[in-house]
Every structure is written in structure tokens, then in C-alpha cells.
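Chains, contacts and geometry: an overview
Chain by chain, the residues:
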Amino acid sequence: MKGFTHDQTPLPLPAVTSRSAIPAPAPRAIPAPIRWWRELAELIKFRLTLLVLLTTLVGYCIGSAHPIDGLGALHAVLGTALVAAAAAILNEVIERRQDAQMIRTQNRPIAAGRVDGSHAAAAAVACALAGVSYLALFANVLAGLVAAATLATYVCLYTPLKLISPWNTWVGAVSGALPPVIGYAGARNVLDGTALFLFAILFLWQMPHFFAIAWLYRNDYEKAGFRMLVVVDATGRKLTSQTVFFTALLFLASLWPMVAGTAALPYTIGAAILGLLFLWSAVRFHNKPNRTTARGLFFSSIAYLPLLLGLLVLFWR
Ligand code: HEM
Ligand SMILES: CC(C)=CCC/C(C)=C/CC/C(C)=C/COP(=O)(O)OP(=O)(O)O
């Protein structure tokens, strides 16, 4: 890959337009391993992928009998990690032109031309095949199939649909909701009501999560030609109403274990408190949509999910 072999320069920095007569200090060289890691982290969307893998681990823990089989969990997470990394890279290959037009993504290795798209695609396909086979061999075939379906919905449906219809977010939310199901299938080798519950939590959570982001980056999305709801809904009313609607549904769905008797009381109390705080954040965004409330909602989403999933694992029975 171009960026991993010849490139000795630090990653491009934003242009500095200072008129000061004092010469800027020469940029300090970044050690090669750090540079490579940064490129790889951008390629595989490291932080997003990390949370995705946490949901897989949670799915495994919920599906597994006590005590949890640590090696089994490791297999499920490793296999999913390979497929998720492949998904991120293929998305960046397909969207390299759009990514290059958006401020948020223009410095991604493929969009910026530091990594060759066809080499990256070949590596991603190898990674995807390795991940699905790994899951089929070391977890079970069902987990491998769910992972393959996650990859297919993300790369073959969601990614092209972003340029066509605002329904893309629903499709993307299906991809994002499947990783805990991979973990659950890896532990149980079946898909049942609990798998559906995990899917529903992730599906609903993604709506406020993404609508907050979409609001923050709506100019970027418009510039790149993405048909997100935030771009086609000029008033923003649909987007903010849907944000509250889905967060309220998420609140209700998160209380399902109380009704089904599958989680102890501390879970219900914790889920109710977290859900109300998240809902408050969504209502604040609805009543006054601006950068502050959108950012607040984004951070609430990032805090809510691991906390809720942590409670679920701790108090599941
Ligand atoms: C419809 C589905 C989703 C869409 C469209 C979406 C989109 C995005 C975008 C555009 C960002 C970048 C925000 C920024 O750079 O400031 C982001 C950040 C993030 N997303 Fe999502 N996301 C979705 C689902 C998920 C899922 C399923 C997870 C994990 C379970 C997740 C976890 C994260 C995390 C941890 C971040 C912050 C990391 C970072 O800033 O790089 N997202 N999301
Ligand atoms: C096992 C497996 C395949 C796991 C992956 C699951 C997955 C793809 C989760 C993310 C869901 C999603 C739609 C993210 C946004 O992507 P985006 O392309 O809109 O984000 P971007 O604008 O930052 O590129």
C-alpha cells in the first residue's frame, strides 16, 4: 500500500494562514510505527469499530451460560473484528470521492491518496473472508453467516443507498444492530427473542446517535451529495421529531428485561435513569436544535450505550 511503504512525511496538517513574521517551527517527525497505527486506525474507523466490538462481546456474554467462556468470547470478537475492519475499509474505498469532499473525512488514507484503493480493497476482501471463516470455524456457522449479512448490508446496500435515499439510515442501522447478534449467535447458536431484543436496542439507539451527527455535519453531507434526512428535510423538523420518537422507543425497549424477568432490579433502575437522561438530551435538541444541543446528544449517545450494555451484562439472569 502506498501510504505504508513510501511515505516518510507526517500526515498533512490543515493549512496555516498566519501572517506572523516568526517562522513556524519545523513539524516534528512522527515515528513510523505511530504513523502506521494512525493510518490503520483511520482505515478501520478504530473508535467506532471498538464500540461495535463491545456490542459483540455483550451479545456473547448475554448468550453464554455462567461462567462465561472467555476463549469463546475472544473467538467471537476476533472474527467480528476482522469483518468489521473489512467493512470500514471497503466503505472508504467506495466513498473515496465523497470522503475527499467532506472536511470530517478528507484526511482519510484512501480519500487523501496515501493508500491505494485497489490494494486496500484486496486487503479488505481477504480480511472479510478470513473473519467469516474464523467465525464459522471457531464460533459457529450461524455467527459467520450473520457477520457476512452485516458486511453485505453495510457495503452493498447502505453505502450505495447514501447517494440515493434518506432511507439509507434505516439500512445502516440494520448493519449496526447486527454485531451483538453475531456475539449472541456465537454463544448460543440460535437466534431467538433475546437476539431480537439486542438488535432492537442497537437499532433504536443509532437514530438519535446519527441524527445528532448528521446535524453537526449537514453541510459536509450536502457538499458530498449524500441524501441524508438532514439534507432533504430543510426545516429539520422531521429529523428532530424522529430523534425524540426513537429515543422514547429506546427507553421503552430498554425496560423489556423487567417485563420478561430477565434482568435484576438494579438494571431496571439504571436503565430508567440512563434512558431519561438520554431522552432529556433528545428533547433539548428537538426544542432548540443547534451545535451545542446536537453535540450534547452525540456525547450522550456515546456514554449511554456502554453504560446500558454494562448494566445488562452485570444484572442479566
Ligand atoms: C446508522 C448508523 C450509524 C451512522 C450513520 C453513524 C455515523 C457516525 C459518524 C458519521 C461518526 C463520526 C462523528 C465524528 O467524526 O464526529 C460516528 C461516530 C461514532 N459512532 Fe456512529 N454511526 C452509526 C452507528 C454506530 C454504531 C452501531 C456504533 C457502535 C455500536 C457507533 C459508534 C460510534 C462511535 C464510538 C463514534 C465516535 C468515534 C469517533 O468519533 O470516531 N456508531 N458515527
Ligand atoms: C461485522 C461488521 C461488518 C460490523 C460492522 C458494523 C457496522 C458497519 C457498524 C456501523 C454502522 C454505520 C452505518 C456506520 C456509519 O457508517 P458511515 O459509512 O456512514 O460513516 P462515515 O461517514 O464515517 O464513513
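Residues numbered from 1 in each chain as written. Chains lettered and ligands numbered in written order. Predicted model: local features only at pLDDT ≥ 70, side-chain atom pairs only at ≥ 80, totals over all residues. Heavy atoms only, no water.

Comments concerning the domain arrangement of the protein
Size of an interface: often given as the accessible area lost when the parts come together. What counts here: Delimitation of the domains relies on an automatic or database domain assignment. The criterion used for residue contact is that any of the two residues' heavy atoms lie within 4.5 Å. Two parts placed together each lose some accessible area; with a 1.4 Å probe, that loss summed over both constitutes the buried area.
As assigned here, the protein comprises domain 1 (36-191) and domain 2 (192-317). Here the C-alpha centre of domain 2 lies 21 Å away from the C-alpha centre of domain 1. Counting from both sides, the interface comprises 35 residues of domain 1 and, opposite them, 30 residues of domain 2. Contact between domain 1 and domain 2 buries roughly 2900 Å² in total, counting both sides, with carbon and sulfur atoms accounting for 74%.

Brief notes about the packing of helix α4 (residues 70-94) against helix α7 (residues 141-161)
Note the threshold: Throughout, an axis means a line fitted to C-alpha atoms (over the contacting stretch in the case of helices), and angles, computed between N-to-C directions, take values from 0 to 180 degrees. Under the scheme used here, helices are H or I runs from DSSP no shorter than 4 residues and strands are E runs no shorter than 2 residues, and both carry numbers assigned from the N terminus. Here the word oblique covers every angle except those under 35 degrees (roughly parallel), over 145 (roughly antiparallel) and from 65 to 115 (roughly perpendicular). Polar here means any residue other than Ala, Val, Leu, Ile, Met, Phe, Trp, Tyr, Cys and Pro, which are nonpolar, and Asp, Glu, Lys and Arg, which are charged; Gly is therefore polar.
Between α4 and α7, whose axes approach to 10 Å, the crossing angle comes to 10 degrees. Accordingly, the angle class assigned to the pair α4 and α7 is roughly parallel. On α7, the residues that touch V83, A86, A87, A88, L90, N91 and I94 of α4 are A147, L151, Y154, V155 and T159. The class makeup of the residues in the contact of α4 with α7 is 10 nonpolar, 2 polar and no charged.

Examining the environment of G144
Considering the arrangement of structural elements, one finds G144 in helix α7. Distance from G144 to A76, taken between C-alpha atoms, is 9.3 Å for residues 68 residues apart in sequence. Ignoring any residue separated from it by four or fewer positions in sequence, one finds G144 in contact with V132, L135 and A136.

A closer look at a nonpolar patch on the surface
Keep this limit in mind: Put simply, a patch holds well-exposed residues, over 30% relative accessible area, that have no salt bridge, with like charges counted together within 9 Å and Val, Leu, Ile, Met, Phe, Trp or Tyr side chains within 5 Å. Exposure was quantified through the Shrake-Rupley algorithm and a 1.4 Å probe, taking into account, for residues, occlusion by the shown protein chains and nothing else. What counts as a salt bridge is simple: a side-chain nitrogen of Lys or Arg found within 4 Å of a carboxyl oxygen of Asp or Glu.
On the surface, W37, L40, F46 and L50 cluster together into a nonpolar patch covering about 360 Å² of accessible area. Among the secondary structure elements, those contributing two or more residues to the nonpolar patch are α2 (32-43) and α3 (46-63). Along the polypeptide, F46 turns up in helix α3.

Considerations on the pattern of salt bridges
Rules: To sort residues, take the accessible area from a 1.4 Å probe on protein chains only and compare it with the maximum for the residue type: under 20% means buried, over 50% means exposed, and anything in between is partly exposed.
With the rule as written, the count across this model stands at 4 salt bridges. R108 is the salt-bridge partner of D99, the closest N and O atoms lying 3.3 Å from each other. For the pair D99 and R108, one class covers both residues: buried. One continuous salt-bridge network, built from bridges that share partners, spans E92, D99 and R108.

Some remarks on the packing of aromatic side chains
In plain terms, the rule: Any pair of Phe, Tyr and Trp rings, taking the six-membered ring for Trp, is counted once the centres come within 6.5 Å. Such a pair is stacked with planes under 30 degrees apart, edge-to-face with planes over 60 apart, and tilted for the rest. Should the NZ of a Lys or the CZ of an Arg lie within 6 Å of a ring centre and within 35 degrees of the ring normal, that charge is described as sitting over the ring.
Counting across every chain of the model gives 15 aromatic pairs. Site record: aromatic cluster; members linked through ring pairs are W167, W170, F199, F203, F245 and F246. One residue, R104, lies across the ring of Y217, its end atom 5.2 Å from the ring centre. Against the face of F226 rests K162, its NZ or CZ located 4.5 Å from the ring centre.

Structural notes on the site of ligand 1
Inclusion rule: Nearness of a residue to a molecule or strand requires only that one of the residue's heavy atoms be within 4 Å of it. Polar contacts, as used here, are pairs of N or O atoms within 3.5 Å; protein pairs need one atom able to donate a hydrogen and one able to accept it. Residues neighboring in sequence count only if both atoms are side-chain atoms.
Neighbouring ligand 1 are 21 residues, the closest being R47, Q206, H209, F210 and Y217. At 3.1 Å, a side-chain N or O of R47 approaches an oxygen atom of ligand 1. Between ligand 1 and Y217 there is a distance of 2.8 Å, counted from an oxygen atom to a side-chain nitrogen or oxygen. For the shell around ligand 1, the secondary-structure elements that each account for two or more residues are α3, α8 (168-177), α10 (193-216) and α16 (291-315). Both domains that furnish three or more residues to the shell around ligand 1 are identified here as domain 1 (36-191) and domain 2 (192-317).

Structural notes on the site of ligand 2
As a matter of local geometry, ligand 2 sits amid 21 residues, with K45, R104, R108, Y158 and K162 nearest to it. R104 is positioned such that a nitrogen or oxygen atom in its side chain is 2.7 Å from an oxygen atom of ligand 2. Between ligand 2 and R108, the relevant distance is 2.7 Å, taken from an oxygen atom to a side-chain nitrogen or oxygen of the residue. Contributing elements (two or more residues each) for the shell around ligand 2: α3, α4, α7, α8 and α9 (179-188). If you tally residues by element for the shell around ligand 2, the top one is α4, at 5 residues.

Describing the nonpolar core
This is how it is decided: Definition of nonpolar core: a set of buried residues of the types Ala, Val, Leu, Ile, Met, Phe, Trp, Tyr and Cys, connected through side-chain atoms within 4.5 Å.
One finds I89, W205, Y221, Y267 and L312 to be the most contacted residues of the largest nonpolar core, which totals 79 residues. Residue contributions to this core peak at 16 residues, all from α10. Of the domains in this structure, domain 1 (36-191) and domain 2 (192-317) are the two that each give at least three residues to this core.

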